[in-house]
Amino acid sequence: MDLSPILSPLNDAQRAAVTAPVGPMLVLAGAGSGKTRVLTHRIAWLIQVEGASPHSILAVTFTNKAAGEMRARIEGLLGIPGAALWVGTFHGIAHRLLRLHWREAGLPQGFQILDAEDQLRMVRKLLRSQGLDESRWIPREVVWFINHQKDEGLRPKALKDGNDPTRRQFIRLYHDYEEACARAGVVDFAELLLRAFELLRDNPEVLRHYRARFRHVLVDEFQDTNAIQYAWMKLLAGSDGAPYIVADDDQSIYRWRGARVENLQQFQRDWPQAQLFRLEQNYRSTGNILQAANALIAHNAGRLGKNLWTSGGHGEPIRLYAAFNERDEADFVTQRIRDHMQQGGERRDIAILYRSNAQSRVFEEAFLSARIPYKVYGGLRFFERAEVKDALAYLRLLANRDDDASFERVVNLPTRGIGAKSLGELRVAAREQGSSLWRAATAAVASQALGGRATAALAGFLQLIERMAADAAPLVLHEQVDLVLTASGLIEHHRREKAERGEARVENLEELVSAARGFEPEGELPPLDAFLAHAALESGEGQAGEWEDCVQMMTLHTAKGLEFPVVFICGMEDGLFPHQRSLNDLDGLEEERRLCYVGMTRAMRQLYLTYAEQRRLHGSDSYGQASRFITELPEDLVEEVRPRIRLGRPYAAPTAAAHHRPGRRAVASEPVAPGMRLGARVRHGKFGEGTVLNVEGQGPQARIQVNFERQGTKWLMLAYANLEALS
Ligand code: ATP
Ligand code: MG
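Heads up: these notes are all about the structure in this document.

Rules behind the numbers
Residues numbered from 1 in each chain as written. Chains lettered and ligands numbered in written order. Predicted model: local features only at pLDDT ≥ 70, side-chain atom pairs only at ≥ 80, totals over all residues. Heavy atoms only, no water. Salt bridge = Lys/Arg side-chain N within 4 Å of Asp/Glu carboxyl O. Helix = DSSP H or I, 4+ residues; strand = E, 2+ residues; numbered from the N terminus. Buried < 20%, exposed > 50% of the residue type's maximum accessible area, 1.4 Å probe, protein only. Near = heavy atom within 4 Å. Polar contact = N/O pair within 3.5 Å; in protein donor to acceptor, adjacent residues only side chain to side chain. Areas by Shrake-Rupley, 256 points an atom, 1.4 Å probe, with all protein chains shown as cover. Domains from an automatic or database assignment. Core = buried A, V, L, I, M, F, W, Y, C linked by side-chain atoms within 4.5 Å. Contact = heavy atoms within 4.5 Å. Pairing = 2+ DSSP bridges. Axes fitted to C-alpha atoms, helices over the stretch in contact; angles between N-to-C directions. Parallel < 35°, antiparallel > 145°, perpendicular 65-115°, else oblique. Left-handed = near helix turned anticlockwise from the far one by under 90°. Nonpolar A, V, L, I, M, F, W, Y, C, P; charged D, E, K, R; others polar.

According to the stated counting rule, one finds 47 salt bridges in the structure shown. The residue Arg-208 makes a salt bridge to Glu-205 at a minimum N-O spacing of 2.9 Å. With Arg-208 and Glu-205 both in helix H10 (residues 204-213) and three residues apart, the pair spans about one turn of that helix. You'll find Arg-208 and Glu-205 in the same group, each marked exposed. For Arg-319, the salt bridge identified is with Glu-316, shortest N-O distance 2.9 Å. A relative accessible area of 15% means that Arg-319 is categorised as buried.

Lining the immediate environment of ligand 1, one finds 19 residues, of which Gln-14, Lys-35, Gln-251, Glu-563 and Arg-602 sit closest. In this structure, an oxygen atom belonging to ligand 1 sits 2.8 Å away from a side-chain N or O atom of Thr-36. Note that an oxygen atom of ligand 1 is positioned 2.7 Å from one of the side-chain N or O atoms of Arg-602. When the free accessible area of ligand 1 is taken as 630 Å², the share hidden by the protein chains comes to 83%. Sorting elements by how many residues they give to the shell around ligand 1 places helix H3 (residues 35-48) first, with three residues. The two domains that each donate at least three residues to the shell around ligand 1 are domain 1 (4-102 + 194-279) and domain 3 (317-373 + 545-652).

Let's shift gears to the nonpolar core. Among soluble globular proteins, nonpolar side chains are generally buried collectively. Phe-222, Trp-232 and Met-233 are the most contacted members of the largest nonpolar core, which has 62 residues in total. Looking at which domains feed residues into this core, each of domain 1 (4-102 + 194-279) and domain 2 (112-184) supplies at least three. When neighbours within four sequence positions are excluded, Phe-222 is seen to be in contact with Tyr-230, Met-233, Ile-245, Val-246, Ala-247, Asn-263, Leu-264 and Phe-267. The next biggest cluster of nonpolar side chains, apart from the first, holds 55 residues, and it includes Leu-397, Leu-458, Leu-464 and Leu-509.

We now examine the sheet that holds strand E7 (residues 244-247). An order of E3-E2-E6-E7-E1-E8 is seen for the six strands of this open sheet, with the pairing classed as parallel. Bordering the open sheet on either side are strand E3 (86-88) and strand E8 (275-279), each of which pairs with just one other strand. Averaged over all pairs of adjacent strands, the angle between strand axes in this sheet comes to 10°, irrespective of strand direction. Strand direction decides the pairing type here: strand E2 (residues 57-60) and strand E6 (residues 216-219), joined by four bridges, are parallel. In the strand pairing of E6, Val-60 is matched with Val-219. Along the sheet, helix H12 (residues 263-270) makes contact with strand E1 (25-29), E7 and E8, crossing E1 at roughly 150°.

This brings us to the side chain of Arg-615. As for its position among the elements, Arg-615 is in strand E14 (residues 603-617). When its relative accessible area of 4% is taken as the criterion, Arg-615 is described as buried. A distance of 2.6 Å separates polar atoms of two side chains, one belonging to Arg-615 and the other to Glu-573. The contact partners of Arg-615, leaving out residues within four places of it in the chain, are Glu-326, Glu-329, Gln-359, Gly-571, Glu-573, Leu-576, Ser-620, Asp-621 and Ser-622.

Helix-helix packing is characterised by the crossing angle of the two axes and by the distance between the axes. Where helix H2 (residues 12-19) contacts H3, the axes come no closer than 8 Å and their chain directions differ by 45°. As summarised for this structure, H2 and H3 are arranged oblique, according to the angle between their axes. In the packing of H2 onto H3, the handedness of the crossing is right-handed. Contact residues: Gln-14, Ala-17, Val-18 and Thr-19 in H2; Val-38, His-41, Arg-42 and Trp-45 in H3. Class assignment for the residues of the contact of H2 with H3 results in four nonpolar, three polar and one charged.

Okay, the packing of helix H9 (residues 189-202) against helix H11 (residues 227-237) next. Two numbers describe how H9 lies on H11: the axes approach to 9 Å, and their chain directions differ by 25°. Considered as vectors, H9 and H11 are oriented roughly parallel to each other. H11 is crossed by H9, and the crossing has left-handed handedness. For the pair formed by H9 and H11, the contact residues are Leu-193, Leu-194, Ala-196, Phe-197, Leu-200 and Arg-201 on the first element and Ile-228, Gln-229, Ala-231, Trp-232, Leu-235 and Leu-236 on the second. Grouping the amino acids of the contact of H9 with H11 by side-chain chemistry returns ten nonpolar, one polar and one charged.

Below, the structure written as structure tokens:
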């Protein structure tokens, strides 16, 4: 038997972990040390040498993408189709089991899966049917409560209310929600896991069958398992089983979603005979990147501790760019992508990583106008996000009352007591009269056709839209957007939601104000119409197809397990990354630091960190300080990037920031125009006051980019602009 394909691409430590006798095992190792490779080769080894049947393998990874890659790797190693292997995510595998054993799991055969939005809708319906006030019993809090209990493996009857009436109500809602789900034959994401656990726990036959079958349970990214995932795995593997666990405690980044890094210690308690393997050689990154990442994570306390090294060269220094603002940041990245392409690189080599989804917008715009294909992973593109579409629907109604799709979308959002029944009647009326829903609604209100409560609610909505339209008329575009977000109640609605998701939605909505502010209408359309057209086009265009060579954009969380030759981590400002919420919370801060470690260790050859001294995000301006994580990196590994355009004069007065950034001192040459330095305040006859962002070219060809307060960013010919220097 030729084992060289399995063994020769491994170092000694990896080989030891791959070839160890079958038994419980923990591979604990840092980023890029080949954990995933070891797991894959272990599977090939089990089949090839230990004589394991492919049917006996159950491998759990973190994403479907990773599962697909793993299956392909194993097929490559063995030269056989990997269909017999079960490789998937926890949710995917749970789902598969429930489909096979719906009866034992107490589900209808054709049960359907509720996604997060469906689940929320279901809870809303429940609250309404019980006459509970949604401002008191906030639907997202209820959802959060339910999912949290399920993640911990708890059913309503296991919960104690501790004589707390609020908690009692939550528990009751959880109970009623379960009944509603059972009636409808639906299962939410958290339920998949809990049900799959209970399936094994409560059906000894089923458990015996799968224990006998899956002799080999292997789990990648184990540090991010939650309580129920762990319990399920433990049950399936059995205490005399041989689970093969791969983990890096420094990459645990889902605590906020119930992940328990303590599962690592729990594993060692539950399988005291488990062998521990460590891998210390990193194959992914250059020496500089690795050393910087190691230095960063060393700031965390309570680590299991490991020592990562590489035999590769130091490579290039880590590049730090202090952008003037978020647009300058995007321009910088755009330019570096162009350089990369000019040197014969591929776009798919490049990843743009950020902390918050809303940050993608500015990059999307820059890439769109620079014609750089990109793809946003995990998470919708900005204008496709549900809350953004809600806000756009309000704006569309302002522009056109007869836009039925928009009417339907927001007439009862936030909830204002216009139920499906009333809406159904409106639809019928509109169809009969051949009119829009808006007109039908106006008529229905006038004739009181819907009954008292519904009529009043509908009249309130019509008035709201008319009032918003009147109030918005004299405003500039971004103020109109701002007004609509507030007056519609959307912001308030999402603000009341608990947890990260509600917050992200508020951020995205506020980001829409920024988008409007920076929007430069072309042609003759009124600004609002032009903006809506832009949004509609953007949500369909721009994003590259699967096959296209494109820049990869994703949040730091989504980047876990992946690697890219060139990585940009953008928005490295305190309050953004580390996230505001974590600044006063040590555990939270450490989790953010692990996230930064994950981000940095995605980079193979080049790593760029960027931050903006001024950032407009979520609708407001902030003057950021460089992330503390930057200051935690060894200085000699980091090189400041000088701005591309060197203007004639040094910065007027050395600011605090300039002290930190000796690299940004400008080089003396002929001034382009007096007073037109980057960051200078200028006034334009028509556009008003603004700040210089960029200057390109020389002499009569020189162009200047100014961010005008009212009009957003514009490029102007310096020779004709007649700018007046203010400072
Ligand atoms: P992460 O912690 O980010 O999940 P990991 O520990 O799972 O990383 P892998 O993704 O398995 O690491 O490996 C990192 C990179 O190093 C991959 O490109 C992999 O192919 C390569 N690699 C791993 N082991 C070796 C080796 N022995 N020789 C050459 N390359 C290797
Ligand atoms: Mg991995």
